[in-house]
Amino acid sequence: MTGTQPLVSVVIPNYNYGRALELCLRGALDQTYQPMEIILVDDCSTDDSVAVAEALGVRVVSTGVNSGVAVTRNTGAAHAGGEIIVFVDSDVAMEPDAVANAVAMLRADARIGAVCGTYDAEPLIRDSLIEEYRCLHQYYWLAEHEGRIGTVHTAILAMPAEVFAEIGPFNPRLRHTEDGDYAARLCRRYEVHSSSRVRGRHDHDDTWRVVLRKVFHRTRLHIPLYVRRRDLPGGIATGPRAGASIAALLALLAVPLVLLGPLWLLLPAALAAGSLLADRDLYVFVLRRRGAGFTAYFCLVHFLVNAVIALGAGAGVLQWLVSGRFRRLYDRGEPVVAVRPTGAAA
């Protein structure tokens, strides 16, 4: 990079996030960093997303056909003219200094191939208690693993355009777990760092149905990747947290044993206690921040989420055993959009 400030391309993939999009775009427009361009890549939304972006004077690019977030990000990168690309999800509003801090980190150390942002402890749009749970949970585990990490968080992801060209595009075949696949490729060549100095507010999922469904399917779909890597990447996916999830599911499955006699209650109680104790530091954090009432609710939700994680992992293992297609889920397909060569005109 030159001594002058490099042009940054903020790429915002979007599909039907019109309700949060204006806050996201205003966060990008209010950045202290210059020079910067903003590109909204719309994946054929059926809501008012495009109108929202155009009203704010933001450049809009369309994927042409609904293709998923991997293709949407790749399309944005292909149209980006900057030396640094900052991917920002359309339900995240960055703090004003987020881009400046990310650029500073990338320019300070050539070993860093990407900088990942973190979430604020408060949601972008406050809708429900389950959203409050998601917000505090993700804030905690992102803050807990600040520094070098073994994965990528794509909600805010800054990287040099030349690194993106070297690693290649997001796998266009993946609609849900493209970040895990990309992390495996990126971390083999570069360091990836997470920083609370690169922060945004996130409009988290706000219904039980969406949260539990997303947790189940994301866990299931990660199984072929974990088998291929032969490890867990850290962050939210660690050995102790996997143990907490397994204990929660076994506790629920053991409840019917109570019909054999009251002493059998000890088994599910012990398993539940083990699951809760594995995340005791998380619960202490929530207690200090929100008080006893909300912490009780948080513990209940997190226990159920842990059980669903274990259920998703079990389903993924079974699917991996019986389906060759599932085992090949992370094989690379041909990209559906060309990636702009470094230095080429947008």
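Everything here concerns the structure above.
Given the structure is predicted, the values throughout are model-derived calculations rather than measurements. (Residues numbered from 1 in each chain as written. Predicted model: local features only at pLDDT ≥ 70, side-chain atom pairs only at ≥ 80, totals over all residues. Heavy atoms only, no water.)

Quick word on the overall build of the protein chain
Then, in step 1: Along the backbone of the protein chain there are 13 helices and nine strands.
Then, in step 2: Expected size for 346 residues packed as a compact globule is a radius of gyration near 20 Å; at 21 Å, the protein chain falls within 12% of this value.
Then, in step 3: Structurally, the protein chain occupies a C-alpha span of about 75 × 45 × 40 Å along its principal axes.
Then, in step 4: By sequence separation, contacts in the protein chain at least 24 residues apart represent 78% of the contacts at least 6 residues apart.
Then, in step 5: Carbon and sulfur atoms make up 59% of the accessible area of the protein chain, which totals about 15500 Å².
Then, in step 6: The averaged location of the 35 negative side-chain charges in the protein chain is 7 Å from the averaged location of its 35 positive side-chain charges. (Helix = DSSP H or I, 4+ residues; strand = E, 2+ residues; numbered from the N terminus. Rg over C-alpha atoms; globule rule 2.2 N^0.38 Å. Contact = heavy atoms within 4.5 Å. Areas by Shrake-Rupley, 256 points an atom, 1.4 Å probe, with all protein chains shown as cover. Lys, Arg positive; Asp, Glu negative; His and termini not counted. Charge placed at Lys NZ, Arg CZ, Asp CG, Glu CD.)

Regarding the nonpolar core
Then, in step 1: Counting 34 residues, the largest nonpolar core has Val-8, Val-10, Ile-12, Val-86, Val-88, Met-94 and Val-99 as the members making the most contacts within it.
Then, in step 2: Looking at this core, the element that brings in the most residues is helix 4 (residues 98–108), giving six residues.
Then, in step 3: Excluding its chain neighbours within four sequence positions, the residues that come into contact with Val-86 are Val-8, Ser-9, Val-10, Val-11, Ile-156, Leu-157 and Ala-158.
Then, in step 4: If you look at the next biggest cluster of nonpolar residues, it comprises 25 residues, including Ile-149, Ile-167, Ala-183 and Tyr-190. (Core = buried A, V, L, I, M, F, W, Y, C linked by side-chain atoms within 4.5 Å. Buried < 20%, exposed > 50% of the residue type's maximum accessible area, 1.4 Å probe, protein only.)

Examining the packing of aromatic side chains
Then, in step 1: Taken as a whole, this structure holds twelve aromatic pairs when the rule is applied.
Then, in step 2: When the ring of Tyr-139 is compared with that of Phe-285, the centres are 5.9 Å apart and the planes differ by 25°; the resulting orientation is stacked. Here Phe-285 lies in helix 11 (residues 280–290) and Tyr-139 lies in helix 5 (residues 129–144), a separation of 146 residues in the sequence. This pair shows no difference in class: Tyr-139 is buried, exactly as Phe-285 is.
Then, in step 3: Of the aromatic side chains, those joined through ring pairs into one cluster are Tyr-133, Trp-208, Tyr-283, Phe-294, Tyr-297 and Phe-298.
Then, in step 4: Over the face of the ring belonging to Tyr-139 we find Arg-289, whose NZ or CZ atom lies 5.7 Å from the ring centre.
Then, in step 5: Across from the ring centre of Trp-320, 5.7 Å away, lies the NZ or CZ of Arg-327, which sits over that ring. (Phe/Tyr/Trp six-rings, centres within 6.5 Å; stacked < 30°, edge-to-face > 60°. Lys NZ or Arg CZ within 6 Å of the ring centre and 35° of its normal.)

Considerations on the pattern of salt bridges
Then, in step 1: In this structure the tally under the stated criterion is 17 salt bridges.
Then, in step 2: Between Glu-132 and Arg-290 there is a salt bridge, with the nearest N and O atoms lying 2.9 Å from each other. Placement of the pair is Glu-132 in helix 5 and Arg-290 in helix 11, with a sequence separation of 158 residues.
Then, in step 3: Classification of Glu-132 as buried rests on a relative accessible area of 5%.
Then, in step 4: Taking relative accessible area as the criterion, Arg-290 reaches 35% and is therefore assigned partly exposed.
Then, in step 5: We note a salt bridge from Arg-185 to Asp-181, for which the minimum N-O separation is 3.1 Å. Here Arg-185 and its partner Asp-181 are both found in helix 7 (residues 178–186), four residues apart, which amounts to about one turn of the helix. (Salt bridge = Lys/Arg side-chain N within 4 Å of Asp/Glu carboxyl O.)

Thoughts on the packing of helix 7 against helix 8 (residues 208–229)
Then, in step 1: For the pair helix 7 and helix 8, the least separation of the axes is 10 Å and the interaxial angle reads 15°. The orientation of helix 7 with respect to helix 8, classified from their angle, is roughly parallel. In this structure, helix 7 crosses over helix 8, and the sense of that crossing is left-handed. In this structure, helix 7 contributes Asp-179, Gly-180, Asp-181 and Ala-184 to the contact, and helix 8 contributes His-222, Leu-225 and Arg-229.
Then, in step 2: Here the residues of the contact of helix 7 with helix 8 are counted per class, giving two nonpolar, two polar and three charged. (Axes fitted to C-alpha atoms, helices over the stretch in contact; angles between N-to-C directions. Parallel < 35°, antiparallel > 145°, perpendicular 65-115°, else oblique. Left-handed = near helix turned anticlockwise from the far one by under 90°. Nonpolar A, V, L, I, M, F, W, Y, C, P; charged D, E, K, R; others polar.)

Comments concerning the side chain of Ser-195
Then, in step 1: Relative to the helices and strands, Ser-195 is located in strand 9 (residues 191–202).
Then, in step 2: Here Arg-197 takes part through its backbone nitrogen, which lies 3.1 Å from a polar atom of the side chain of Ser-195.
Then, in step 3: Setting aside its immediate chain neighbours within four residues, Ser-195 contacts Met-105, Cys-116, Gly-117, Thr-118 and Glu-146. (Polar contact = N/O pair within 3.5 Å; in protein donor to acceptor, adjacent residues only side chain to side chain.)

Describing the state of the cysteines
Then, in step 1: Inspection of the entire model under this criterion finds zero disulfides.
Then, in step 2: Cys-187 carries a free sulfur, and the closest cysteine sulfur to it, the one in Cys-116, is 8.2 Å from it.
Then, in step 3: On the accessibility criterion, Cys-187 (23% relative accessible area) is partly exposed. (Disulfide = S-S within 2.5 Å.)

With respect to the pairing of strand 3 (residues 59–62)
Then, in step 1: The pairing of strand 2 (residues 36–42) with strand 3 spans four bridges and is classified as parallel. Across the sheet, residue Val-41 finds its bridge partner in strand 3, namely Val-61.
Then, in step 2: Handedness of the strand 2-helix 2 (residues 49–55)-strand 3 crossover: right-handed. (Pairing = 2+ DSSP bridges. Right-handed = clockwise from strand over helix to strand, strands pointing away.)

Here's the deal with a nonpolar patch on the surface
Then, in step 1: Taken together, the side chains of Val-317, Leu-318, Leu-321 and Val-322 make up a nonpolar region of the molecular surface, amounting to roughly 410 Å² of accessible area.
Then, in step 2: Here Leu-318 shows up in helix 12 (residues 292–322). (Patch = residues over 30% accessible without salt bridge, like charges linked within 9 Å, V, L, I, M, F, W, Y side chains within 5 Å.)

As far as function goes, none of this settles anything; it's purely spatial.
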